[in-house]
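Chain by chain, the residues:
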Amino acid sequence: MWDDAFPSFLIGLREGLEAGLIVSVLVATLVRSGRRARLPHVWTGVAAAVGLSMSFGAILTFTSANLSGKAQEAFGGTLSLIAVVFVTAMVFWMRRSARTFSGEIKEKVTAALGMGAGVLVLTSFLAVGREGLETALFLWTTAQAAGSSSGPLAGAAAGLLIATALCWGLYRRVLHINLTRFFTFTGVVLIVIAAGVLGYGMRDLQESTLLPGGTAYAFDLSAHLDPSSWYVTVVQGTLNLTPQMTWLQISVYVAYLAVVMTLFVRGVRATAPTPAKPAAEAKPTPVVAGSGPKAPRRIPRWTIPVALLCVPALIAGIAIAVSDGKPASATPVIEVAAADCGKGFTAPEPGRQTFQVRNSGSRTSEIYLIDPVSNAVYGEVEGIAPGTTRALIATVGTGSYAWRCVPSGGKAVTSAAVRVSSGGTTRAVLPVSEKDLAAPLAAYRKYVDQGLAGLLTKTRALQSDIDAKKLDKAREDWLAAHQQYASLGAAYGTFADFDAKINGRTAGLAGGVTDPAFTGFHRIEYGLWHGESAAALAPYAKRLTSDVAALRTDFPKQDFAPGDLPLRTHEILENTLHRELSGSADYGSGTELATTEANLDGTRELLGLLRPLIDKRNPEVTPAVDTWMKRTERLVLAQRAKDGTWTPLDKVPAADRQRLNGSLGQLLEELAPIPDLLEIRKAA
């Protein structure tokens, strides 16, 4: 969640500090001039500004939720562009104003003190309201990009809390901050974040068809990068850079970053800070009875804040009431609930359609558009909350269609079916249940259990070699044992902590190869191929055997989710591409290709168990997988000599290495549909 929270945290910190500084100066000036009685006017303006900002956020949220699919994309993309404009203007304005910020505020406050209560309320309201509206807009935009509001809301709240603490410290004179440096540093970071928001906005506008080039990708790494991995999450959450981006996104991103960052840095260098003279504190002017201007007419204190709170809230209420929670478009709304699933559903037009699905029930539900004859799934919406509307996109062809609603903790309900007879052919996916995967899972558990028995025999042989100081034999037996372990690839996620002990690497270890936590196969590999003595390696060999024995004992009790099997068909070789074929998993043996061959064996074993389920859903997948599996294996085995030794990866000719990487990349492309085909769906 922190990755999604960081941009909003930075905005909350900057905007909160900017607004807080203004409020701090207002309060300090009133206190030091002996006019504490007027402090409620300041807090009234602040409260009204907060209410306005929250109402603005509500309007954005409800307006977006009640638009059609394409209109939502256009709305989000447009607001992303507006947010970038606001953030860019804020960054440049604060860069110029940071050094004289406090002095300018004091001048405005001193002028406001001589006027009525309404002016003081308005001063604090405008000061906080501007920052609040900018924060609400940027927060809404980052929430759209993240696909969740929890991370951005938490980040903004944390930033505002820290900003409040900093402003309190400045007010109490227990804290000193170089505002110029602070706003310069955060400005640089915000420019990078704004570039990502701009790219995200371009993508929204392309998906709404307002801009062309929606399928013209500059790169598509989605088949090679795990979207749930920490590094992808960090980059996507903080910078809005995704594994798949169009040429328009990249062009706009680079152009904005190059132009704006250059102007910002050049402006920072050009305006060297000059020491400011301390401003004299405003002293209270004695008031003489009967002298001075006539006191202004008093306005009830509640008038301004009530008006400022009610007007935007009224607008939001009207927007909700007019839409009645339904999309403001011609697209029919499909009501889905346990009591009445598919209300409003009529025979759709053939072709690609966007259905607006509204959960009118009281439970979060899984919603499927299905063929009621075969239970095949045309489209799905997962986890739709009560009272919310989500878009479901599906291609409609000749066939039968119905809605299936599966409420959390309840029974599935299927709507009446409709028939479309004038469309072309379209493919639906037969749902997979845990029961369907039970037999492959049992067979795979048996395969892994037998593999662990063989692994224990091989690690004992390796330990015996090292104890007998037969290091040449130990190198042969090390490779045999490591290949055996690699062939059990689909169970890595089940092995839990044992995998780090048995096959862990130095990544994240402060001491590297000398770190005490570095154990297992790779620690022994490092020692065997870097001249360590048998006596030095003996404790590691003994521990490896002990860990493998403990794993074999523990494995029958370990949970293995059925849904993990389809995922591993792709993940085993994806990890191979990132680790073995990058050279990052080698600690001296040069046997990366031997491990690659073992990983191919493990994937082939898993595919054999899942093949009947795959072929039933898409018979075109496995022939293509088989073709590229054989081609990839042929390229790997070409690097094994007749005596069984393997060519180290860094010794493989560049052309051969490129062919191998390309072949494995294509194999991953062919394997990519399998996790989706065999995803466990409650529609079954």
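I will try to describe carefully the structure that is included in this document. Residue positions are given per chain, counted from 1 along the sequence in the order it is written. Selection of residues for local features in this predicted model requires a pLDDT of at least 70, selection of side-chain atom pairs for listing and counting requires 80 or more, and totals for whole chains, interfaces and linings are taken over all residues. By convention in this description, side-chain values take in all heavy atoms of the structure and omit both hydrogens and water.

Brief notes about the overall build of the chain
And then number 1: Each helix is a run of DSSP H or I of at least 4 residues and each strand a run of E of at least 2, with the numbering of both proceeding from the N terminus. Looking only at helices and strands, one finds 21 helices and 10 strands in the chain.
And then number 2: Exposure is judged per residue with a 1.4 Å probe applied to protein chains only, and the accessible area is read against the type maximum: over 50% gives exposed, under 20% gives buried, and values in between give partly exposed. Going through the 684 residues of the chain one by one, you find that 46% of them count as buried.
And then number 3: It only takes one pair of heavy atoms within 4.5 Å for two residues to be counted as in contact. For the chain, long-range pairs separated by at least 24 residues make up 76% of all intrachain contacts whose partners lie at least 6 apart in sequence.
And then number 4: Of the roughly 32800 Å² of accessible surface on the chain, a fraction of 60% belongs to carbon and sulfur atoms. Methods summary: accessible areas were calculated by the Shrake-Rupley approach with a probe of 1.4 Å, and residue burial reflects only the protein chains presented.

Comments concerning the environment of Leu122
And then number 1: Residue position: Leu122 is located in helix α5 (residues 117–146).
And then number 2: For Leu122, a relative accessible area of 42% gives the class partly exposed.
And then number 3: Distance from Leu122 to Ala49, taken between C-alpha atoms, is 9.6 Å for residues 73 residues apart in sequence.

Topic: the pattern of salt bridges
Pairing between side chains of opposite charge can happen when the charged atoms of each approach one another.
And then number 1: Every case where a carboxyl oxygen of Asp or Glu lies within 4 Å of a side-chain nitrogen of Lys or Arg is listed as a salt bridge. One pass over the structure, following the stated rule, counts 12 salt bridges.
And then number 2: Of the charged contacts in the structure, one is a salt bridge between Glu532 and Arg523, with a shortest N-O distance of 3.2 Å.
And then number 3: In this structure, the salt-bridge partner of Glu633 is Arg604, at a minimum N-O distance of 2.8 Å. Pair noted here: Glu633 is in helix α19 (residues 621–637) and Arg604 is in helix α18 (residues 592–617), with a separation of 29 residues, a long-range link.
And then number 4: The exposure class assigned to Arg604 is partly exposed, which follows from its relative accessible area of 32%.
And then number 5: In this structure, a network of salt bridges that share partners links the residues Glu380, Glu679 and Arg681.

Details of the packing of α18 against α19
And then number 1: What counts as an axis is a line fitted to C-alpha atoms, over the stretch in contact for a helix, and the angles between N-to-C directions run from 0 to 180 degrees. The interhelical angle for the contact between α18 and α19, taken along N-to-C directions, is 165 degrees, at an axis separation of 11 Å. Here α18 is positioned roughly antiparallel relative to α19, judged by the angle of their axes. Considering only the axes of α18 and α19, their crossing is left-handed. Along its contact with α18, which presents Leu593, Thr596, Glu597, Leu600, Asp601, Thr603, Arg604, Leu607, Arg611, Ile614 and Asp615, the element α19 presents Val621, Thr622, Val625, Asp626, Met629, Thr632, Glu633, Val636 and Leu637. The labels follow the angle: roughly parallel below 35 degrees, roughly antiparallel above 145, roughly perpendicular from 65 to 115, and oblique for the rest. Crossings are classed by handedness, with left-handed meaning an anticlockwise turn of the near helix from the far one by less than a right angle and right-handed meaning a clockwise turn.

Here's the deal with the packing of aromatic side chains
And then number 1: Centre distance within 6.5 Å is the pairing criterion for rings of Phe, Tyr and Trp, where only the six-membered ring of Trp is used; planes under 30 degrees apart are then read as stacked, over 60 as edge-to-face, and the remainder as tilted. The full count for this structure, using the stated rule, is 12 aromatic pairs.
And then number 2: Summarising the aromatic geometry, the rings of Phe345 and Trp403 are spaced 5.6 Å apart at their centres and angled 80 degrees between planes, so their arrangement reads as edge-to-face. Within this pair, whereas Phe345 is found in the loop between β3 (333–336) and β4 (351–359), its partner Trp403 is found in strand β8 (residues 399–407), the two being separated by 58 residues in sequence. Assigned by exposure class, Phe345 and Trp403 land together as buried.
And then number 3: With 6.2 Å between their ring centres and 80 degrees between their planes, Tyr444 and Phe560 make a pair best called edge-to-face. Of this pair, Tyr444 sits in helix α11 (residues 434–467) while Phe560 is found in the loop between α16 (534–554) and α17 (564–578), placing the two residues 116 residues apart along the sequence.
And then number 4: A residue is classified by how much of its surface remains accessible, and Tyr444, at 0% relative accessible area, is buried.
And then number 5: Through a chain of ring-to-ring contacts, three or more aromatic side chains come together here, namely Trp478, Tyr485, Phe495, Phe521, Trp529 and Phe555.
And then number 6: To sit over a ring, a charge needs its Lys NZ or Arg CZ within 6 Å of the ring centre and within 35 degrees of the ring normal. One cation-aromatic arrangement involves Arg523 over Tyr540; the distance from NZ or CZ to the ring centre is 4.4 Å.

Comments concerning the sheet that holds β3
And then number 1: Note on pairing: DSSP must find at least two bridges between two strands before they are called paired. With mixed pairing, the 3 strands of this open sheet are ordered in space as β3-β4-β7. Since the sheet does not close on itself, it has two edges, and those belong to β3 and β7 (389–396), each with one partner. The sheet shows a mean angle of 35 degrees between the axes of neighbouring strands, taken without regard to direction.
And then number 2: By the bridge criterion, 4 bridges tie β3 to β4 in an arrangement that is parallel.

Quick look at the packing of α11 against helix α12 (residues 471–486)
And then number 1: Viewed as axis vectors pointing N to C, α11 and α12 meet at an angle of 160 degrees, and their least axial separation amounts to 9 Å. With respect to their mutual orientation, α11 and α12 come out roughly antiparallel. Between α11 and α12 the crossing geometry is left-handed. Along the contact surface, α11 presents Gly451, Gly454, Leu455, Lys458, Thr459, Ala461, Leu462, Asp465 and Ile466, while α12 presents Lys473, Ala474, Asp477, Trp478, Ala480, Ala481, Gln484 and Tyr485.
And then number 2: Each residue belonging to the contact of α11 with α12 can be placed in one class, and the counts come to 9 nonpolar, 4 polar and 4 charged. Residues are grouped as follows: Ala, Val, Leu, Ile, Met, Phe, Trp, Tyr, Cys and Pro are nonpolar; Asp, Glu, Lys and Arg are charged; all remaining types, including Gly, are polar.

With respect to the side chain of Asn503
And then number 1: As for its placement among the helices and strands, Asn503 is situated in helix α14 (residues 497–503).
And then number 2: The class for Asn503 is buried, based on a relative accessible area of 17%.
And then number 3: Within polar-contact distance, the side chain of Asn503 engages the side chain of His482 at 3.0 Å.
And then number 4: Filtering out sequence-adjacent residues up to four positions away, Asn503 remains in contact with His482, Tyr485, Phe521 and His522. For this analysis, a polar contact is any N or O atom pair within 3.5 Å, provided that within protein one partner can donate a hydrogen and the other can accept it, and provided that sequence-adjacent residues contribute only side-chain to side-chain pairs.

Points about the pairing of β4
Each regular strand displays side chains that alternate between the two surfaces of the sheet.
And then number 1: Pairing geometry for β4 and β7, over 8 bridges, is antiparallel. Of the residues in β7, the one forming a bridge with Arg352 is Thr395.

With respect to the environment of Leu81
And then number 1: Summarising the element assignment, Leu81 is placed in helix α3 (residues 69–97).
And then number 2: Separated by 116 residues in sequence, Leu81 and Val197 have C-alpha atoms that sit 7.8 Å apart.
And then number 3: What Leu81 contacts, discounting residues up to four positions off in sequence, is Leu198, Met202 and Leu205.

Observations regarding helix α20 (residues 654–671)
It helps to recall that an α-helix has 3.6 residues per turn; residues three or four apart then point in one direction.
And then number 1: With 18 residues, α20 should reach 26 Å at 1.5 Å per residue; the first-to-last C-alpha distance of 26 Å fits that figure.
And then number 2: Among all positions in α20, only Leu660, Ser663, Leu664, Gly665, Leu667, Leu668 and Leu671 are buried. Expected helix span is taken as 1.5 Å per residue step, with the number of steps being one fewer than the number of residues.

Thoughts on unusual backbone geometry
And then number 1: Phi at Asn375 takes a positive value of approximately 70 degrees, unusual for a residue other than glycine.
And then number 2: Topologically, Asn375 is positioned in the loop between β5 (365–370) and β6 (377–384).
And then number 3: Since its relative accessible area comes to 25%, Asn375 is described here as partly exposed.
And then number 4: Even without being glycine, Lys469 reaches a positive phi, approximately 65 degrees.

Remarks on α11
And then number 1: Taking 1.5 Å as the rise per residue, α11 with 34 residues should run 50 Å; its terminal C-alpha atoms sit 47 Å apart, in good agreement.
And then number 2: Where α11 terminates, the next one or two residues include Lys469, which has phi positive at roughly 65 degrees.

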